[in-house]
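Examination of the molecular architecture
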Amino acid sequence: MLPGGLLVLGVFIITTLEMGNDFQNTLRRLVFAVEKSMNKKRLWNFTEEEVSDRVTLHICSSTKKILCRTYDIHDPKSSAKPADWKYQNGLSTSWLSLECTVHINIHIPLSTTSVSYPLEKNTKNGLARWAKQIENGVYLINGQVKAEDCDLLEGQKKPRGNAQASSCSFDVRVLTQLLLNSDHRSTATVQICSGSVNLKGAVKCRAYIHSNKPKVKDAVQAVKRDILNTVADRCEILFEDLLLNEIPEKKDSEKEFHILPHRVFVPIPGSTVMLCDYKFGDESAEEIRDHFIEMLDHRIQIEDLEIAEEINTAFLSSSMNSEAPLDNRDDEQPKEPMQTSIVLKIRQNMGMIAAFAVAVLAVGIAFHYFSD
């Protein structure tokens, strides 16, 4: 639910003062369990400069007194440290937004040696290689390359007050390297595969950074993490749906096309920050609204929902709010509607055929060489 730049910093509980001590150990286990669960899906790592403390809050239901403690998540044996909890005015509205669209074309071979692994694990290993491209990419902020330690707001008028902070948004473009540098060695490998997964399309990303002396490196880091998080989350959601609705007759089909879920944003009351969720094409706006209400415990209107990715068809021209067709390899437009911005294509047995062809070619070249 959290876009780039936002993290789960802790957990809280509301009880009577007498029951507070009984739940301290439970809160501690919950903090480490939440972090462990989230760390399994991450395609990125924390930096050494980032704070590793996580917070537990006990709020007394009668006196409203708050007891705050912190734990170091990098130390499983970390003990509780007392901390002060203070409120700040206007904190929720002092955020700058960064938006970008990343076009992806990720090919993930499914090795026969890892056939016992679940599809999610195979795909995560493939996404890890793509994540390195995102980490090493060049990021243009409003069309410019800026130094990492440069002030993000340098060269433009800084927003004054909370009212104008919400209107400050940055357009980010990502440039990834197509070739390795000359100082990197690259070797070809032959891998026997039972199939492959292709992820294609355009991913719309959004990140937030606080407006108090923001640095370029912090803004770029928030965008990177949102790109990696949203692709990984969509794959996980799709695979869970496929397992729940698996059709045995389609197991051995040569190709299967599946639509990854769309991203939906919803505003936080009293804040310029928006949370996100995902929806499949057959889910209605009412279902998504009810899901947000269940999670946020706040009344949300359907018009508050912002679907970041719309369904494209061959009969609609692209516009600012719609995305380009997914696969433009053929000049002719298909007569049926196109898939959404990202599709997942599973090819069965293609890897094995390719590996066999490469092996035959290698034998032929070796025979010709030694005969000469």
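Here's a quick rundown of the structure. What you see as residue numbers is a count from 1 along each chain, following the sequence as written. Two thresholds apply to this predicted model, a pLDDT of at least 70 for residue-level local features and 80 or more for giving and counting side-chain atom pairs, whereas whole-chain, interface and lining totals are computed over all residues. Hydrogens are left out, water is left out, and the side-chain values use all remaining heavy atoms of the structure.

Side note on helix α5 (residues 285-296)
Taking 1.5 Å as the rise per residue, α5 with 12 residues should run 16 Å; its terminal C-alpha atoms sit 16 Å apart, in good agreement. Per-residue accessibility, obtained with a 1.4 Å probe over protein chains only, is compared with the maximum for each type, and a residue is labelled buried under 20%, exposed over 50%, and partly exposed between these values. The way it works is that DSSP assigns letters per residue, a run of H or I at least four long becomes a helix, a run of E at least two long becomes a strand, and they are numbered from the N terminus. Taken together, the buried positions of α5 are Ile 288, Phe 292 and Ile 293. One side of α5 holds all its buried residues, which, seen down the axis, span an arc of 140 degrees. By the convention used here, residues are in contact when the closest approach between their heavy atoms is within 4.5 Å. Residues of α5 that are buried sit in contact with β10 (262-267) and β11 (274-279). Of the residues flanking the end of α5, it is Asp 297, one or two places downstream, whose phi is positive at about 55 degrees. In this scheme, a helix's expected span is set at 1.5 Å multiplied by one less than its residue total. As used here, the arc is the angular range of directions from the helix axis to the C-beta atoms.

So, the sheet that holds β11
In this description, strands pair whenever DSSP reports at least two bridges between them. The sheet built from 3 strands is open, its strands ordered β11-β10-β12 with antiparallel pairing. The open sheet terminates on both sides in strands that have one partner only, identified here as β11 and β12 (306-307). When β10 meets β11, the two strands line up antiparallel, connected through 6 bridges. Counted as the bridge partner of Arg 263 is Tyr 278 from β11. Helix axes use the C-alpha atoms of the stretch in contact, all axes being lines fitted to C-alpha atoms, and the angles between their N-to-C directions lie in the range 0 to 180 degrees. Along the sheet, α5 makes contact with β10 and β11, crossing β11 at roughly 130 degrees.

A look at the environment of Asp 226
As for its placement among the helices and strands, Asp 226 is situated in helix α4 (residues 216-244). Along the chain, Asp 226 and Glu 99 lie 127 residues apart, while their C-alpha atoms are 10.0 Å from each other. Discounting chain neighbours no more than four positions away, the residues touching Asp 226 are Pro 3, Gly 4, Cys 205, Arg 206 and Arg 263.

Observations regarding the nonpolar core
Membership of the largest hydrophobic core comes to 43 residues, with the highest contact counts inside it found for Leu 127, Trp 130, Leu 199 and Ile 227. Those elements that provide at least two residues to this core are β5 (95-111), α2 (119-135), β6 (138-141), β7 (169-175), β8 (193-210) and α4. Looking at which element gives the most residues to this core, the answer is α4, with 12 residues. By size, the runner-up hydrophobic cluster in this structure holds 9 residues, among which are Trp 95, Tyr 208, Met 274 and Ala 308. Put simply, a nonpolar core is a bunch of buried Ala, Val, Leu, Ile, Met, Phe, Trp, Tyr and Cys residues held in one set by side-chain atoms that sit within 4.5 Å of each other.

It is worth stressing that arrangement in space is one thing and function is another; only the former is reported here.
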